[in-house]
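Architecture at a glance
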Number of protein chains: 2
Amino acid sequence: MRISELVERTGVPLATLKFYLREGMLMPGEAVSATRAEYGEEHVRRVALIRALSDVAGLPLQRVTTVLGLIDSPTGSLFESLGTAVAALPPYADDETPDAGGPAADAPEFPRAHAAITALGQVYDPHFAAVAQLERALAGVETAGIPMTPDRLEVYGTHVRAMAEFDLERMPGTGREAQLGYAVLGTALYEPVIAALRRLAHQDIAARRLTEDAGMPVAPE
Amino acid sequence: MRISELVERTGVPLATLKFYLREGMLMPGEAVSATRAEYGEEHVRRVALIRALSDVAGLPLQRVTTVLGLIDSPTGSLFESLGTAVAALPPYADDETPDAGGPAADAPEFPRAHAAITALGQVYDPHFAAVAQLERALAGVETAGIPMTPDRLEVYGTHVRAMAEFDLERMPGTGREAQLGYAVLGTALYEPVIAALRRLAHQDIAARRLTEDAGMPVAPE
């Protein structure tokens, strides 16, 4: 298809597509003449991925480029690529670089996260961005006077793991682009789903426990 | 204690405490002379709550005031107060007001959220902020090409509910200030904990499935 058709198919303006091409985020079409290139379904899919990463997941452009670079680079195992791709997601610590790695001696100490992950019996890469993220989150609940306790960790760890198992089972079996797209988008975009479901479960449970008319939908008068 | 001692006990500067007093966020001390007021443990607790809501949970000042107002106002049931207090938390929709309520005819349609909550067999208040939040989150995953499916909803719903049950069980049994503080802070501050735990569970499961050396901690070379 011509680029004008790609505009139509994706709903993305021509100027934006040209920007993606210039930045190397979108692979060039096949040149069929000096002034015309032909685009295919892989271009439609790539544009959809770029839009989902930037507009829906809210990744800054630099992080979108990181994820796309991982998809296009044949180096590294799928496991390594997954870790680096998910590390491109917010929240970003002030001193964090998108490229995790480096010698272990450089790793900051994350005592709360280390204790929690160890208690859950999980393996982890101390450079993985989620370790620092967990440390900050655990420090936050501590400061607020509702610190993580062993029983809460066990409950949360068990149920979060069950959800994560489901997520991994549904990861596409083949295709690095599809697998990494699923991992990054599924991680970023299902976090708000889970947060909203938790708030709604709180409301449902509180309604059943704290109000008399427990069988009826709760609605304001 | 004098206000200088309150500064020392809470670590909050005098100018900030005076601001809280002026804004009515902190209740006045007991006047013991024309120029001196006496403060107690309830002031220490209140300052800690204000700091946790603003600094740790990141609520804007207006939302902190909403939560404090609910704590101080004796009207409304605990259930109603919990809903309004949690509605003071981010994320904020553009057209959202902190005060949920009003006639049902004003409620926008939330078809995805309605279908999901109904499928989970939960009761809900259509004006509760988390309904709109769930709708936006479900629209996001749909746009990104990984829409919510009945099996994913069942898995997530079951496990999120188990965590929410634990949360409610641990809510303080008495004291409106303690209960609402727990609900708001526990909701806001455990969301990033859960998100980080999920990312780490993904890594652990992926490490066991995708790498050969599954028994060993994963570390960069």
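Numbers given to residues run from 1 along each chain, matching the order in which its sequence is written. As a convention, the first chain written is A and the first ligand written is 1, with the rest following in written order. Since the coordinates come from a predicted model, pLDDT governs what is reported: local features require at least 70, and pairs of side-chain atoms require 80 or more to be given and counted, while whole-chain, interface and lining totals use all residues. Hydrogens and water molecules were not included; the side-chain quantities draw on all heavy atoms of the structure.

Before going further, it helps to spend a moment on the packing of aromatic side chains. The pairing test for Phe, Tyr and Trp rings, Trp by its six-membered ring, is centres within 6.5 Å, and the orientation test on the planes gives stacked under 30 degrees, edge-to-face over 60, and tilted for anything in between. Inspection of every chain in the model, using the stated rule, returns six aromatic pairs over all chains. Aromatic side chains Phe 166 of chain A and Tyr 156 of chain B sit 6.4 Å apart centroid to centroid with 70° between the ring planes, which places their arrangement in the edge-to-face category. Residue Phe 166 of chain A is located in helix H8 (residues 150–169), and its partner Tyr 156 of chain B is located in helix H8 (residues 150–169); the two belong to separate chains. Here the term buried applies to any residue with accessible area under 20% of the maximum for its type, exposed to any over 50%, and partly exposed to those in between, with areas from a 1.4 Å probe on protein chains only. By relative accessible area, Tyr 156 of chain B is classed as buried at 0%. Only DSSP runs of H or I covering at least 4 residues are called helices, and only runs of E covering at least 2 are called strands; the numbering of each starts at the N terminus.

Turning to the interface of chain B and chain A, a few remarks are in order. The contact criterion used throughout is that any non-hydrogen atoms of two residues lie within 4.5 Å. With 82 residues of chain B at the contact, the number on the chain A side is 82 residues. Accessible area that two parts lose when put together, with a 1.4 Å probe and added across both, is what the buried area reports. Contact between chain B and chain A buries roughly 8200 Å² in total, counting both sides, with carbon and sulfur atoms accounting for 69%. Salt bridges are defined as contacts in which a side-chain nitrogen from Lys or Arg sits within 4 Å of a carboxyl oxygen from Asp or Glu. At the surface where chain B touches chain A, the tally comes to twelve salt bridges. Across the pair Arg 209 of chain B and Glu 165 of chain A runs a salt bridge, and its minimum N-O distance is 2.7 Å. Pairs of N or O atoms are called polar contacts if they sit within 3.5 Å, as long as, within protein, a hydrogen donor faces a hydrogen acceptor (for residues adjacent in sequence, only side-chain-to-side-chain pairs). Linking chain B with chain A are 39 residue pairs in polar contact (both at pLDDT 80 or more). Within the residue set of the side of chain B that touches chain A, elements represented by two or more residues are helix H3 (41–56), helix H5 (78–86), helix H7 (129–143), H8 and helix H9 (176–210) of chain B. Across the side of chain B that touches chain A, the residue classes break down as 55 nonpolar, 13 polar and 14 charged. All residues other than Ala, Val, Leu, Ile, Met, Phe, Trp, Tyr, Cys, Pro, Asp, Glu, Lys and Arg, Gly among them, are scored as polar; the first ten of these are nonpolar and the last four charged.

Below, the discussion takes up the pairing of strand E1 (residues 30–33) of chain A. Two strands form a pair only when DSSP identifies at least two bridges running between them. Here E1 of chain A runs beside strand E2 (residues 36–38) of chain A; their pairing, made up of three bridges, is antiparallel. Directly across from Glu 30 of chain A, in E2 of chain A, lies its bridge partner Glu 38 of chain A.

Residues and elements named next belong to chain B. Given a helix with a known number of residues, its expected span is that number minus one, times 1.5 Å. The terminal C-alpha atoms of helix H4 (residues 61–72) lie 16 Å apart, and with twelve residues this matches the ideal 16 Å at 1.5 Å per residue to within 8%. Here H4 has its buried residues at Arg 63, Val 64, Val 67, Leu 68, Leu 70 and Ile 71. Taken down its axis, H4 places every buried residue within 155° of arc, on the same side. Its buried side turned inward, H4 meets H3, H5 and H9. Note that the arc is computed from the directions linking the helix axis to the C-beta atoms.

All right, on to the relation of the copies chain B and chain A then. The copies are overlaid by a least-squares fit using only the C-alpha atoms of residues whose pLDDT is at least 70 in both copies. You can overlay chain B on chain A at an RMSD of 0.0 Å; the transform is a turn of 180° with a shift of 0.0 Å along its axis. Such a combination of turn and shift is consistent with a two-fold rotation axis. Closest to the rotation axis within chain B is the C-alpha of His 159 of chain B, separated from it by 2.5 Å. Both copies contact each other with a shared surface, as 100% of the interface residues of chain B are interface residues in chain A too.

On to the pattern of salt bridges, then. Residues and elements named next belong to chain A. With the rule as written, the count across this model stands at 30 salt bridges over all chains. Note that Arg 161 is salt-bridged to Glu 165, the shortest N-O span being 3.8 Å. With Arg 161 and Glu 165 both in helix H8 and four residues apart, this pair spans about one turn of that helix. According to the relative accessible area criterion, Arg 161 is partly exposed, its value standing at 22%.

With 130 residues, the main nonpolar core has Leu 53, Leu 134 and Leu 185 of chain A together with Leu 53, Leu 134 and Leu 185 of chain B as its most contacted residues. It is H9 of chain B that provides the largest number of residues to this core, a total of 17 residues. When sequence neighbours within four positions are dropped, the list of residues in contact with Leu 185 of chain A reads Leu 49, Ala 52, Leu 53, Ala 57 and Tyr 190 of chain A together with Ala 144 and Ile 146 of chain B. Here, the term nonpolar core denotes a set of buried Ala, Val, Leu, Ile, Met, Phe, Trp, Tyr and Cys residues that are joined through side-chain atoms within 4.5 Å. Among the nonpolar cores identified, the runner-up in size contains eight residues, and Ile 205, Ala 206 and Ala 207 of chain A together with Phe 79 of chain B belong to it.

Here a cavity is any set of points on a 1 Å grid over the protein atoms alone where a 1.4 Å probe fits but cannot get out, and a pocket is any open set with protein on both sides within 12 Å along at least 5 of 7 lines; a residue lines the site when it has an atom within 4 Å of a point. Grid points are joined across faces, edges and corners, and a volume is the space filled by probe spheres set on the points. One number sums up the size of the largest pocket: a volume of about 940 Å³. Lining the largest pocket we find 34 residues, and of these Glu 191 and Ala 195 of chain A together with Pro 91, Glu 191 and Pro 192 of chain B sit closest to its centre. Sorting the residues of the lining of the largest pocket by element identifies helix H7 (129–143) and helix H9 (176–210) of chain A together with H7 and H9 of chain B as the ones contributing at least two each. Here the lining of the largest pocket is composed, by residue class, of 22 nonpolar, four polar and eight charged.

Moving on: unusual backbone geometry. Cis geometry marks the peptide bond from Pro 90 of chain A to Pro 91 of chain A; its omega dihedral reads 0°. Assignment of secondary structure puts Pro 91 of chain A in the loop between helix H5 (78–86) and helix H6 (111–119).

With that settled, consider the side chain of His 202 of chain B. Relative to the helices and strands, His 202 of chain B resides in helix H9. When sequence neighbours within four positions are dropped, the list of residues in contact with His 202 of chain B reads Ala 164, Asp 167, Leu 168 and Thr 187 of chain A.

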